Amino acid sequence: MNLKELVTGVSGEKQFLLGNEAAVRGVIEAGVSIAATYPGTPSSEIGNILSVLAKDANIYFEFSTNEKVAMEVAATAAASGLRSFTFMKHVGLNASADSFMTTAYSGVNGGMVILSADDPSLFSSQNEQDTRNYAKLANMPILEPSNCQEVKDMVKYAFDLSEQFNIPVIVRTTTRVSHMRGVVEFGEVSDNSSNNENHWRRGHFNKDPSKYVPVPAFAGDMHVRLWDKIHNIEKITNKSEFNREVVLTDNKKYGIITSSSAYNYAHDVCKFNNLDINILKLGFSYPFPQEKVAEFLKDIDEVFVVEEVDPIIERDTLATIGSKKLDVSVHGKLDGTFPLYHEFNSDIVADGMNKVLNFKKSDEISLSPSLEKLQADIPSRAPVLCAGCPHRAMYYGVNKAIEELGLTPDDVIFASDIGCYTLGINPPYNAADYLLSMGSSVGDGCGFSVSTDQKVVSYIGDSTFFHSGVSPLINAVHNKHNFVLTVLDNRITAMTGGQPNPGIPIDGMGDEAPEISIRKLALACGCDYVRVINPFNLDQVIKTYKEALEREDTAVIISKAPCTLIKGLTKKPPVKFVEGNCNNCDKCVSELACPAISKINGKITIDTAQCDGCNVCIQVCKYGALEAGR
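Let me sum up the structure you'll find in this document. (Residues numbered from 1 in each chain as written. Predicted model: local features only at pLDDT ≥ 70, side-chain atom pairs only at ≥ 80, totals over all residues. Heavy atoms only, no water.)

**Some thoughts on the overall build of the protein**
Short version of the rule: A run of H or I in DSSP counts as a helix once it spans at least four residues, and a run of E counts as a strand once it spans at least two, with each numbered from the N terminus. We compute the radius of gyration over the C-alpha atoms and compare it with the globule rule, which gives 2.2 Å times the number of residues raised to the power 0.38. Per-residue and other accessible areas were derived by the Shrake-Rupley procedure at a 1.4 Å probe size, with only the shown protein chains allowed to occlude residues. In this tally Asp and Glu are treated as negative and Lys and Arg as positive; neither His nor the chain ends contributes. For the purpose of locating charges, the reference atoms are NZ of Lys, CZ of Arg, CG of Asp and CD of Glu.
Scanning the protein from terminus to terminus reveals 24 helices and 23 strands. Radius of gyration (C-alpha) of the protein: 27 Å, near the 25 Å computed for a compact globule of 630 residues. With respect to the principal axes defined by its C-alpha atoms, the protein has extents near 80 × 70 × 50 Å. Of the roughly 27,200 Å² of accessible surface on the protein, 51% is carried by carbon and sulfur atoms. The averaged location of the 77 negative side-chain charges in the protein is 3 Å from the averaged location of its 59 positive side-chain charges.

**What about the sheet that holds strand β17 (residues 483-489)?**
Condition: If DSSP finds at least two bridges between two strands, the strands pair. Helix axes use the C-alpha atoms of the stretch in contact, all axes being lines fitted to C-alpha atoms, and the angles between their N-to-C directions lie in the range 0 to 180 degrees. Contacts were defined at the residue level, with two residues in contact if any of their heavy atoms lie within 4.5 Å.
Strand order in this open sheet of 5 strands is β15-β16-β17-β19-β18, and the pairing throughout is parallel. The strands lining the two open edges of the sheet, one partner per strand, are β15 (412-415) and β18 (529-533). On average, adjacent strands in this sheet sit at an angle of 20 degrees to one another, irrespective of strand direction. Strand contacts of helix α18 (residues 440-451): β15, β16 (455-461) and β17, with the helix running at about 170 degrees to β16, the strand carrying the most contacts. Along the sheet face, helix α22 (residues 538-549) touches β16, β17, β18 and β19 (554-560) and points at about 170 degrees away from the line of β18.

**A look at the pattern of salt bridges**
Applicable threshold: Between Lys or Arg on one side and Asp or Glu on the other, a salt bridge is scored when a side-chain nitrogen of the former is within 4 Å of a carboxyl oxygen of the latter. For every residue, the accessible area obtained with a 1.4 Å probe (protein chains only) is divided by the maximum for its type, and the residue is called buried under 20%, exposed over 50%, and partly exposed between those limits.
Applying the stated rule across the entire model yields 34 salt bridges. We note a salt bridge from R172 to E144, for which the minimum N-O separation is 2.8 Å. Within this pair, whereas R172 is found in strand β7 (residues 169-174), its partner E144 is found in the loop between β6 (142-143) and α8 (148-165), the two being separated by 28 residues in sequence. Here R172 falls in the buried class, since its relative accessible area comes to 1%. According to the relative accessible area criterion, E144 is buried, its value standing at 0%. Residue E343 pairs with R176 through a salt bridge whose shortest N-O separation is 2.5 Å. Taken as a pair, E343 in the loop between β14 (329-331) and α15 (346-357) and R176 in helix α9 (residues 175-179) lie far apart in primary sequence, 167 residues in all.

**Thoughts on α8**
So the rule is basically this: Each residue after the first adds 1.5 Å to the expected span of a helix.
Taking 1.5 Å per residue as the helical rise, α8 with its 18 residues ought to reach 26 Å, and the 26 Å between its terminal C-alpha atoms agrees with that figure. Of all the residues in α8, the buried ones are C148, E150, V151, K152, M154, V155, A158, F159, L161, S162 and F165. Once α8 ends, the next one or two residues include N166, with phi positive near 50 degrees.

**Details of the sheet that holds strand β3 (residues 60-63)**
What the 7 strands build is an open sheet, ordered β3-β2-β4-β5-β7-β6-β12; its pairing is mixed. Among the strands making up the open sheet, the edge pair consists of β3 and β12 (284-286). Running at roughly 130 degrees to β3, helix α3 (residues 44-53) makes contact with β2 (34-37), β3, β4 (84-89) and β5 (112-118) of the sheet.

Keep in mind that these numbers describe shape and distance, not what the molecule does.
As structure tokens, then:
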């Protein structure tokens, strides 16, 4: 499918879409004018697509410096009467939380939708927190699609709901829902044509401090209004088409209550095993549809609550049973029927339900001895830095500098951050000892520098530095902290798919934009030692680290070289192995650990398909066994 069909597609047309593509179509059908994000998997594709389609769809789109800024861009647009959309991964909602919480109080004029993509099983995240907790904390409605059609429909509906009650609405996806594919039928597109010289519509902000300025004198009334909205929305959830019973039997002994991707597994288990169980699918899960749930429960004896991550629906179901004085046994996470953590699948759901129903046959399929051996022999393949990655050279160089200074590995703490460079945790670099969140490496450096006598080296990417690294760097200088901050500037937001950031001269819609200098920022923060180096020059890397590690202040080293995966980069010829010069020291394999270099049958082998000719390995080899290709 051509992505532009997300804009040009007409009502009734059907396309086979990714969940994140369906979200974009929902945004377009809703007539959104302003969209903002900071990229984060599993929501990243939404931004990648909007960056391409924004102008055709009459949408202003930006990759904001962080999720808090994105939230504020969307909130002010909605306050100005425009429909706005912000989206992020689940932990990104933490970064935006201060402003996010207040948007529920202040409300909106135009519709505002916040898509938060959860990551059960932590495929690309530092935790698997459940966004539904935020819905309850902020008192904000939440919708939970389970398939691509619902992603599109719920995103579109969320804008109508938002405008009906002047409140932001959350759409919670998960990794599976974001990345599944399915047939999506398009609906009508709302008009959002421009009313000015720009390609997007402009609104107007009507001043009303009692609504938009939450000083204590006004915030109390805001909170009262918020609860009134939630009580009225609860009446809708009890009748919503997104909360529906899936009837599979006339037998009323057992039931299932479920939501999101967990619904798919529960449904499959019932169909595959011919279980006589009806399912209540909650797509509009907060405010909790207590009356709808009570109606479903009143004639059954036992209910399974199938949900991923936290037992939120289960607790609300138990509260409903108590308040309605129902006699129903609940099987969920709290009684050990299902795991309290990680992503589910059909096997996990079936195993849990089998503890109560005992429907699984004992003669399960077993593997043959040969297959069992094959399974046992499959090697573990940890993710690695790409061949030619500039980060590898920095990690190699810092370890050499530490060695030449006579320090031991225990003498140096490596504070890492969120990005490709977190892979420095792997041997032989062992360059990640502590990590909390985006930008935390700088604040962690501050803390370690006053808590221990060990040297501290912090690592942060260019995009992450703009996201949340500047404020803690100011803190470091002002409070006279002593550590080395390495900013790994690979000219892109690499880990999430190559999005632009303020350090390059292009914005989220592909237009020219001012390039913000990391070097000038560091100097403006008051750092006396700021060095910009070429990571592929190992002598320079080692020399600079030795200088920085011997200082008594906050030293900043900026490693500046493009990510090897940036489109359009010209690859150099692969290096050549000169077998006669090799003395089998294996340092190119054991210390550099480039995936393009292997030792097979006792001989160094260069994978010419992977090698991009960065020539770092040539500098590592002291015997001339590796030389530049021509």
